[in-house]
Amino acid sequence: MRATFSGFAQNKVPNLVAVATIALALLIMGAFILLHFNLARLIESSTQGLSVSVYLKDGLSQPAVERVQKEASGLPGVKSLKHVSKEEALADLKKRLGGQGGLLDGLEENPLPASLELDLEPEARRSDRIVALISRLKAISGVEDVDFAQEWADKLKVFIRFVKLAGLVVGGLLFLAIVFIIANTIKLTVLAREEELEIMRLVGATETFIRTPFILEGLLQGLAGGLAALAGLGLGFMLLTARVRLPLGLALIEWTFLSPAWCSYLVAAGAGLGLVGSFLSLGRFMRK
């Protein structure tokens, strides 16, 4: 251990470059993982609360509205429905706009339509059944339009697949870059101490005795890089996270950080990369 820390201190610049590279690479990989997990949670929480919005034509009488409600509630897959008047729709929009809700006070008339919010049975949320249900809803007399937020969830699923693929590609390239840099850092350290190591061999030092400090040095580089990446990821998360509200009724979610298990995996990945780089470099040297 003394030889390890001594070698680490004597080669500060190469070691710091290796640690910084590991930290940056793992930070990027951690950001991909964090984004993937939160988007998956967003889809799961949003699709559970998705409703079908049935917009009614203006000027419908109360009996006509009740007739539309009765026909819509009788369709297969409809669990329950709620009537939202024009006034309630405007009040809800003002609430969503928050501090900018006062911009709506100058409207001469309410432009929003009355609607029915339909809650569906879980089995009715399949794409084929949703299409059939929307067609039947549009055929009801007095219905202006029908809207369903599933398309947003589908777009998010496509984006998640893209994030996963991009993460794998970037992660693979970063893995190769980290191993290359660590291997060359250790190689420079070995070359700088080559005469010393040859003397150690001549006086009877075992290969394990010679290898161990360099292996531990790579392990320290990886651990330091992993911890730095975790700290940077946590700091960036605290600075950038905020509640995200999406349109068309998608749920409001609170972004969460990586679980303790994934945090440990990130640090362990840094340590593993450090060890791989050390073994590759030492393997070439020992074969000489």
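This structure is a prediction, so every number in the text was calculated from the model and none was measured. (Residues numbered from 1 in each chain as written. Predicted model: local features only at pLDDT ≥ 70, side-chain atom pairs only at ≥ 80, totals over all residues. Heavy atoms only, no water.)

A. Spatial organisation of the overall build of the protein. Helix and strand content of the protein: nine helices and four strands. Helices (α) and strands (β) of the protein occur, in sequence order from the N terminus, as α-α-β-α-β-α-β-α-β-α-α-α-α. Partitioning the contacts of the protein with sequence separation of at least 6, the portion at a separation of at least 24 is 82%. Summing over all exposed atoms, the protein offers an accessible surface of approximately 16,400 Å²; the carbon and sulfur share of this is 64%. (Helix = DSSP H or I, 4+ residues; strand = E, 2+ residues; numbered from the N terminus. Contact = heavy atoms within 4.5 Å. Areas by Shrake-Rupley, 256 points an atom, 1.4 Å probe, with all protein chains shown as cover.)

B. Fine view of the pattern of salt bridges. Evaluated as defined, the whole model comprises one salt bridge. Of the charged contacts in the structure, one is a salt bridge between Glu 71 and Arg 67, with a shortest N-O distance of 3.1 Å. A residue pair is termed a helical-turn pair when its members lie 3 or 4 positions apart in one helix, as Glu 71 and Arg 67 do in helix 3 (residues 62-73) at four residues. Using a relative accessible area of 32% as the deciding quantity, one classes Arg 67 as partly exposed. (Salt bridge = Lys/Arg side-chain N within 4 Å of Asp/Glu carboxyl O. Buried < 20%, exposed > 50% of the residue type's maximum accessible area, 1.4 Å probe, protein only.)

C. Focus on the packing of aromatic side chains. With the rule as written, the count across this model stands at three aromatic pairs. With a centroid separation of 5.3 Å and an interplanar angle of 70 degrees, the aromatic rings of Phe 37 and Trp 262 are classed as edge-to-face. With Phe 37 in helix 2 (residues 12-48) and Trp 262 in helix 9 (residues 260-287), this pair connects stretches of sequence that are 225 residues apart. Aromatic pair Phe 237 and Phe 257: ring centres 5.3 Å apart, planes at 55 degrees, arrangement tilted. A residue pair is termed long-range when its members are at least 10 positions apart, and Phe 237 in helix 8 (residues 207-240) and Phe 257 in the loop between helix 8 and helix 9 qualify at 20 residues. What makes Phe 237 buried here is its relative accessible area of 15%. (Phe/Tyr/Trp six-rings, centres within 6.5 Å; stacked < 30°, edge-to-face > 60°.)

D. Seen up close, the packing of helix 7 (residues 194-202) against helix 8. Contact pair helix 7 / helix 8: the axes reach a minimum separation of 9 Å and the direction vectors enclose 150 degrees. Viewed along their axes, helix 7 and helix 8 adopt a mutual orientation that is roughly antiparallel. Of helix 8, the residues touching helix 7 (which contributes Leu 197, Met 200 and Arg 201) are Glu 207, Phe 209, Ile 210 and Phe 214. In the contact of helix 7 with helix 8, the residues fall into five nonpolar, no polar and two charged. (Axes fitted to C-alpha atoms, helices over the stretch in contact; angles between N-to-C directions. Parallel < 35°, antiparallel > 145°, perpendicular 65-115°, else oblique. Nonpolar A, V, L, I, M, F, W, Y, C, P; charged D, E, K, R; others polar.)

E. Broad picture of the environment of Leu 26. Mapped onto the elements of the fold, Leu 26 is located in helix 2. Leu 26 sits 199 residues away from Gly 225 along the chain, and the two C-alpha atoms are 7.8 Å apart. For Leu 26, the contacting residues outside a window of four places in its chain are Gly 225, Gly 226, Ala 229, Leu 266, Ala 269, Gly 270 and Leu 273.

F. Layout of a nonpolar patch on the surface. Judged by side-chain polarity, Phe 175, Leu 176, Val 276 and Leu 280 come together as a nonpolar surface patch covering roughly 340 Å² of accessible area. Elements represented by at least two residues in the nonpolar patch include exactly helix 6 (150-192) and helix 9. Structurally, the position occupied by Leu 176 is in helix 6. (Patch = residues over 30% accessible without salt bridge, like charges linked within 9 Å, V, L, I, M, F, W, Y side chains within 5 Å.)

G. Up close: the side chain of Ser 115. Inspection of the secondary structure puts Ser 115 in strand 3 (residues 115-120). For Ser 115, the residues in contact, after removing those within four places along its chain, are Val 54, Tyr 55, Leu 56, Lys 82, His 83 and Val 84.

H. Just the nonpolar core, in detail. Val 52, Val 54, Leu 118 and Leu 137 are the most contacted members of the largest nonpolar core, which totals 20 residues. Among the elements of the structure, strand 1 (51-56), helix 3, strand 3, helix 5 (127-138) and strand 4 (143-148) are those that each provide at least two residues to this core. When near neighbours in sequence (up to four residues on either side) are disregarded, Val 52 contacts Leu 116, Glu 117, Leu 118, Leu 120, Leu 137, Val 146, Asp 147 and Phe 148. Judged by nonpolar contacts, the second largest core, of 14 residues, contains Ala 229, Cys 263, Leu 266 and Leu 273. (Core = buried A, V, L, I, M, F, W, Y, C linked by side-chain atoms within 4.5 Å.)

I. Spatial organisation of helix 3. Over its 12 residues, helix 3 extends 16 Å from the first C-alpha to the last, a length consistent with the 16 Å expected when each residue adds 1.5 Å. Here helix 3 has its buried residues at Ala 64, Val 65, Val 68 and Ala 72. Looking straight down helix 3, one finds its buried side chains confined to an arc of 100 degrees; they lie on one side. Away from its buried face, by an angle of more than 90 degrees, helix 3 presents the exposed residues Pro 63 and Lys 70. (Expected span 1.5 Å × (residues − 1). Arc of directions from axis to C-beta.)

J. Looking closely at the confidence of the model for the protein. Averaged over every residue, the pLDDT of the protein is 76; the share at 70 or more is 77%. Within the protein, helix 1 (residues 2-10) has the poorest average pLDDT of any element, 69, and helix 3 the best, 86. Taken together, the stretch residues 244-252 has pLDDT below 50 and engages in 19 contacts with residues farther than four places along the chain or on a different chain. (pLDDT = per-residue confidence, 0-100.)

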